[in-house]
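Residue-level structural notes
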Amino acid sequence: MKGIPMQTGVLRVLRATAASWWRHKELRRTGETELARHLERKAVLRDLGYLGQAALLPNAHVICGEGGTFLHLGWTTVSTLAPIERFPLATLAVARGTPFIDIRPVTDVIAFAKLPRVAQDGSVDPDLSDAGRPVSLTTYIDMVEALGARVANHPRPRQST
């Protein structure tokens, strides 16, 4: 896959995740092993593609709150109702450097709900004055940090003081 070095640990996690899906287990139980393997390979390749996008897209990020975990990849979002600790794809993306925003500590849900969205493609039009206009990922992170969110893999370079 272009943009992602093949790492044994990454493949192991993705394969184990795909094999653990209830549908794939059921196919194996009923003797449809080849179909289960085929679907698992497709899932691994799809997830490798998502990891590649997470590494390359300027505004890709993972966000986790009480409602689940979301891997935002521009126009694509991969999500689960589970926390990041139970979402291996998101955990791998964060381990590989994708910014992670943990909004579970945020208590002002009204202020959070009023935040603008992150621009899908990484570009922001400064001439737009609409209150609903998208913002850059770094601007969004600054806003959610002010509300109490925790951030890992901040995309802004650290300034020495």
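Refer to the structure printed above.
Residues numbered from 1 in each chain as written. Predicted model: local features only at pLDDT ≥ 70, side-chain atom pairs only at ≥ 80, totals over all residues. Heavy atoms only, no water.

Quick notes on the sheet that holds strand β2 (residues 68-73)
If you walk across this open sheet you meet the 5 strands as β3-β2-β1-β4-β5, and the pairing is mixed. Each edge of the open sheet is held by one strand with a lone partner, namely β3 (76-80) and β5 (150-152). Ignoring strand direction, the axes of neighbouring strands in this sheet form an average angle of 15 degrees. Taken together, the 5 bridges between β2 and β3 define a ladder with antiparallel strand orientation. Within the sheet, the bridge partner assigned to His72 lies in β3 and is Thr77. On the sheet, helix α3 (residues 33-56) packs against β2 and β3 and is oriented at approximately 70 degrees with respect to β2. Packing of helix α6 (residues 137-146) onto the sheet brings it into contact with β1 (61-65), β4 (100-102) and β5, and relative to β4 it is tilted by some 25 degrees. (Pairing = 2+ DSSP bridges. Helix = DSSP H or I, 4+ residues; strand = E, 2+ residues; numbered from the N terminus. Axes fitted to C-alpha atoms, helices over the stretch in contact; angles between N-to-C directions. Contact = heavy atoms within 4.5 Å.)

Examining the layout of surface pockets
In this model, the largest pocket occupies a volume close to 310 Å³. Lining the largest pocket are 20 residues; nearest its centre among them are His61, Ile63, Phe70, His72 and Tyr140. Contributions of two or more residues to the lining of the largest pocket are made by β1 and β2. The element best represented in the lining of the largest pocket is β1, accounting for 4 residues. When its residues are assigned to classes, the lining of the largest pocket shows 9 nonpolar, 9 polar and 2 charged. When its volume is computed, the second largest pocket comes out at roughly 220 Å³. Thr17, Trp21, Arg46, Asp47 and Phe87 are, among the 13 residues lining the second largest pocket, the residues nearest its centre. Of all the secondary-structure elements, those providing two or more residues to the lining of the second largest pocket are α1 (8-20), α3, β3 and α4 (88-95). (1 Å grid on protein atoms, 1.4 Å probe; cavity = no way out; pocket = protein on both sides within 12 Å on 5 of 7 lines; lining within 4 Å. Points joined across faces, edges and corners; volume = space filled by probe spheres on them. Nonpolar A, V, L, I, M, F, W, Y, C, P; charged D, E, K, R; others polar.)

Brief notes about α3
Given a rise of 1.5 Å per residue, 24 residues ought to cover 34 Å, and the 35 Å separating the end C-alpha atoms of α3 matches this to within 8%. Ala36, Leu39, Glu40, Ala43, Val44, Asp47, Leu48, Tyr50, Leu51, Gly52 and Ala54 are the residues of α3 that are buried. Buried positions along α3 lie against α1, α2 (22-29), β2, β3 and α4. (Expected span 1.5 Å × (residues − 1). Buried < 20%, exposed > 50% of the residue type's maximum accessible area, 1.4 Å probe, protein only.)

Notes on the pairing of β2
In terms of strand pairing, β1 meets β2 through 5 bridges, oriented antiparallel. The partner of His61 across the bridge, within β2, is His72. Counted along the chain from β1 to the antiparallel partner β2, the turn is 2 residues long. Counting the residues between successive antiparallel strands, the hairpin from β2 to β3 contains 2 residues, one of them, Gly74, with a positive phi of roughly 65 degrees.

So, to be careful, I would describe these as geometric facts and stop short of saying anything about function.
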